[in-house]
Amino acid sequence: MITWIRGGDLIDPVSRKREALDLIIEGAKISRIVPHGVFQEVRPHIRQIEASGKLVVPGLIDMHVHLREPGHEYKETIATGARAAAAGGYTAVACMPNTDPPNDCRAVTEFILEQAERAGFVRVYPIAAISKGQTGEGLTDFGDLKAAGAVGLSDDGFPVVNSELMRRALEYAPFYGLRVISHCEDRNLSAGGVMHEGVVSTQIGLAGIPDASEDIMVYREISLARLTKKPVHIAHVSAASSVQLIRRAKEDGIPVTAETAPHYFTLDHRRVMGYDTLAKVNPPLRTPEDVAAVKSGLREGVIDVVATDHAPHSPLEKDVEFDRAAFGMIGLQTALPLTLELVREGVLELVDAINKLSWAGATILGVPGGRLVEGGIADLTIIDPDYEYAFEPDRILSKSKNSPFIGRKLKGIAELTMVGGRVVWEKK
Ligand code: DOR
Ligand code: ZN
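Predicted model only: the values in this text are computed from it and were never measured.

Enquirer: Before we move on, can you summarise the overall build of the protein chain with the specific residues and values?
Expert: Helix and strand counts for the protein chain stand at 14 helices and 19 strands. On C-alpha atoms alone, the protein chain measures out to a radius of gyration of 21 Å, which is about the 22 Å that the 2.2 N^0.38 rule sets for 428 residues. C-alpha extents for the protein chain along the principal axes are approximately 65 × 45 × 45 Å. The 428 residues of the protein chain split such that 61% are buried. In the protein chain, 75% of the contacts between residues at least 6 apart in sequence involve partners at least 24 apart. For the protein chain, the exposed surface amounts to about 16000 Å²; the carbon and sulfur share of it is 51%. Charge centroids of the protein chain, computed over 48 positive and 57 negative side chains, lie 3 Å from each other.

If you want it as structure tokens, here you go:
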């Protein structure tokens, strides 16, 4: 089977080029990349995909999702999450270990990979727990988890409280080619809090989570990375104070990388004013100043990656009092259009936006993809950057509908998603 993607603008996030190029795909691989008009063959077995006016980009790679299987299949399964990912333009996602049981051993890692294989759609890369049972007490077997297919280590959902344990994780992980991803939260400071601690939490009478709860742990991870000379990745950066610490650490040559999620550069704590539990997330939506700092961090390369932190929850956890609701929001089908908003605002160049949605995360995890090259795997996304629509629940393919962006006008959509030469999503 030969596929000819013709007439589009191909984006290479590494050389930062946007060029008018056609792609020829044979089997799972890209066989040729040529200027428009060079490839002319029309034979019955060649499938043509018209991409004029569209962007052809490396398949998006999300290094931070929660797929809820095993254990919470009523919120999401690997199959429903992988399908939502494909619809969002993703060709690969890395799933966090806070399932039930948590992914802290070979059996769970292998189960996730089997379910992903069965589902098809996109590549699913398991991130395994740092500590046994995500309890913070004793490291998991990194070698065994790597052999089973884990691509990274994180206790996401929970901080690693014990600094000595984190130090050892940082020291051992590179030996197995695994990156440590830190959920930065001081649980003594955040305890009882349900939103950002600030003027809005005071006004509406909700207990706050101060930015210091995040930046204290960001600083600890930077300090341990400096001590050990081993890399650490900071998950879901939300606070200006964290951005500043990471900026300085990078200037000092400390091996730290960071991600944020679209809600942290799109929404602020005022979104919580109507006690809408869809806006409850951890870390919380912060102030407009924090939002501005996250955008500067993205523009300056302080924040390397845009991940979704896709966190599905059912009405059982969300249609309750704000204090009792679960933290988290889905994000797989809104990340691309919300990141394109930053391009239209002039915060990011298009090539850099695509980089943060694909290449950057792939590089940190050491997984394939993130670039379209001759001989390379055909994982790609065709984007219609001009398509405008309201984000309504009937578009949501995730099993859970907990998005604070429902009703929002969006621009830009994944029109087609291809994994290994196979079309896994096509917009109707
Ligand atoms: O809001 C969040 N939801 N933050 C986390 O760290 C975990 C996640 C979840 O698993 O629901
Ligand atoms: Zn987290």
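Structure shown, so let's carry the discussion forward.
Enquirer: I'd love a proper account of helix α1 (residues 78-87), names of residues and values included.
Expert: Of all 10 residues in α1, 8 are buried; the element is thus mostly enclosed. Within the span of α1, buried status applies to Ile78, Thr80, Gly81, Ala82, Ala84, Ala85, Ala86 and Ala87. Structurally, α1 contributes buried residues whose contacts are with β8 (90-95), α2 (106-119), β9 (123-128), β18 (409-419) and β19 (422-426). In the stretch just after α1, glycine 89 is the one whose phi turns positive, near 100 degrees.

Enquirer: How would you sum up helix α10 (residues 288-300)? Please name residues and give values.
Expert: End to end, α10 covers 18 Å across 13 residues, agreeing with the expected 18 Å (1.5 Å per residue, within 8%). Of all the positions in α10, only Asp290, Val291, Ala293, Val294, Lys295, Ser296, Gly297 and Leu298 are classed as buried. One or two positions beyond α10, positive phi appears at glycine 301, with a value near 80 degrees.

Enquirer: Describe in detail unusual backbone geometry, supporting the description with residues and values.
Expert: Residues aspartate 100 and proline 101 are joined by a peptide bond in cis, for which omega reads 5 degrees. In this fold, proline 101 is placed in the loop between β8 and α2. Note that the residue after asparagine 282, namely proline 283, is joined by a cis bond; omega there is 0 degrees. Tracing the chain through its elements places proline 283 in the loop between α9 (262-266) and α10. Its identity is not glycine, yet tyrosine 275 carries a phi of approximately 55 degrees, on the positive side. Judged by relative accessible area, tyrosine 275 falls into the partly exposed class, the value being 40%. Not every positive phi belongs to a glycine, and aspartate 309 is a case in point at roughly 50 degrees. Locating aspartate 309 in the fold gives a position in the loop between β16 (305-306) and α11 (315-318).

Enquirer: Tell me about the packing of aromatic side chains, residues and numbers included.
Expert: Evaluated as defined, the whole model comprises 4 aromatic pairs. Taken together, the aromatic side chains of Phe142, Phe175 and Tyr176 make up a single cluster linked through ring pairs. Positioned above the aromatic ring of phenylalanine 327 is the side chain of lysine 280, whose terminal nitrogen or guanidinium carbon lies 4.7 Å from the ring centre. Of note, lysine 427 hangs over the ring of tyrosine 387, and the distance from its end group to the ring centre comes to 3.9 Å.

Enquirer: Explain the nonpolar core residue by residue, including any values.
Expert: Soluble globular proteins: nonpolar side chains tend toward being buried together. In this structure, Val93, Val124 and Ile246 are the most contacted members of the largest nonpolar core, which totals 97 residues. Beyond its immediate stretch of four places on either side in the chain, isoleucine 246 contacts Val218, Ile222, Ile234, Val237, Val256, Ala258 and Val302. With 17 residues, the next largest nonpolar core counts Ala94, Val305, Ala362 and Leu365 among its residues.

Enquirer: Before we move on, could you go through the coordination of the zinc ion (ligand 2) and cite the residues and values that matter?
Expert: Around the zinc ion (ligand 2), the protein contributes the donor atoms Asp156 (OD), His183 (ND1) and His236 (NE2), which lie 1.9 to 2.4 Å from the metal centre. Bound by 4 donor atoms, the zinc ion (ligand 2) shows angles of 84 to 128 degrees at the metal and therefore irregular coordination geometry. Sequence positions of the donors to the zinc ion (ligand 2) reduce to the motif D-x26-H-x52-H. Separated by 53 residues along the polypeptide, histidine 183 in the loop between β11 (179-182) and α5 (187-190) and histidine 236 in the loop between β14 (232-234) and α8 (240-251) bring together distant segments of the chain.

Enquirer: Outline the sheet that holds β16, supporting the account with residue identities and numerical values.
Expert: Pairing is parallel in the open sheet, where 8 strands are placed in the order β7-β8-β9-β10-β11-β14-β15-β16. With partners counted over all chains shown, the strands left at the sheet margins are β7 (60-65) and β16, one partner each. Strand direction decides the pairing type here: strand β15 (residues 256-260) and β16, joined by 2 bridges, are parallel. Each bridged residue has a counterpart across the sheet, and for glutamate 259 the counterpart in β16 is valine 305.

Enquirer: So, the layout of surface pockets: which residues are in play, and what are the values?
Expert: In this structure, the largest pocket occupies an estimated 510 Å³ of space. Taken together, 27 residues line the largest pocket, and the ones lying closest to its centre are Asn98, Gly157, Asn282, His313 and Phe327. The residue makeup of the lining of the largest pocket, split by class, is 8 nonpolar, 13 polar and 6 charged.

Enquirer: Break down the pattern of salt bridges for me, with residues and values.
Expert: In total, this model carries 22 salt bridges according to the counting rule given. Ionic pairing is found between aspartate 144 and arginine 106, a salt bridge with its closest N-O pair at 3.1 Å. Remark: arginine 106 occurs in helix α2 and aspartate 144 occurs in helix α3 (residues 142-148); sequence separation between them is 38 residues. Taking relative accessible area as the criterion, aspartate 144 reaches 30% and is therefore assigned partly exposed. The salt bridge involving arginine 220 is made with glutamate 221; its shortest N-O contact spans 3.1 Å. No difference in accessibility class separates arginine 220 from glutamate 221, as the two residues are buried.

Enquirer: Can you break down the side chain of asparagine 282 residue by residue, with the values?
Expert: Secondary-structure assignment places asparagine 282 in the loop between α9 and α10. For asparagine 282, a relative accessible area of 14% corresponds to the buried category. Here glutamate 185 takes part through its side chain, which lies 3.0 Å from a polar atom of the side chain of asparagine 282. Here asparagine 282 is in contact with His183, Glu185, Arg187, Ile209, His236, Tyr264, Asp309 and Phe327, once residues within four sequence places are set aside.

Reading the values: rules and limits
- Residues numbered from 1 in each chain as written.
- Chains lettered and ligands numbered in written order.
- Predicted model: local features only at pLDDT ≥ 70, side-chain atom pairs only at ≥ 80, totals over all residues.
- Heavy atoms only, no water.
- Helix = DSSP H or I, 4+ residues; strand = E, 2+ residues; numbered from the N terminus.
- Rg over C-alpha atoms; globule rule 2.2 N^0.38 Å.
- Buried < 20%, exposed > 50% of the residue type's maximum accessible area, 1.4 Å probe, protein only.
- Contact = heavy atoms within 4.5 Å.
- Areas by Shrake-Rupley, 256 points an atom, 1.4 Å probe, with all protein chains shown as cover.
- Lys, Arg positive; Asp, Glu negative; His and termini not counted.
- Charge placed at Lys NZ, Arg CZ, Asp CG, Glu CD.
- Expected span 1.5 Å × (residues − 1).
- Phe/Tyr/Trp six-rings, centres within 6.5 Å; stacked < 30°, edge-to-face > 60°.
- Lys NZ or Arg CZ within 6 Å of the ring centre and 35° of its normal.
- Core = buried A, V, L, I, M, F, W, Y, C linked by side-chain atoms within 4.5 Å.
- Donors = N, O, S within 2.8 Å, 3.2 Å for Na, K, Ca; no water.
- Tetrahedral: all angles 85-135°; square planar, octahedral: opposite > 155°, others 65-115°.
- Pairing = 2+ DSSP bridges.
- 1 Å grid on protein atoms, 1.4 Å probe; cavity = no way out; pocket = protein on both sides within 12 Å on 5 of 7 lines; lining within 4 Å.
- Points joined across faces, edges and corners; volume = space filled by probe spheres on them.
- Nonpolar A, V, L, I, M, F, W, Y, C, P; charged D, E, K, R; others polar.
- Salt bridge = Lys/Arg side-chain N within 4 Å of Asp/Glu carboxyl O.
- Polar contact = N/O pair within 3.5 Å; in protein donor to acceptor, adjacent residues only side chain to side chain.

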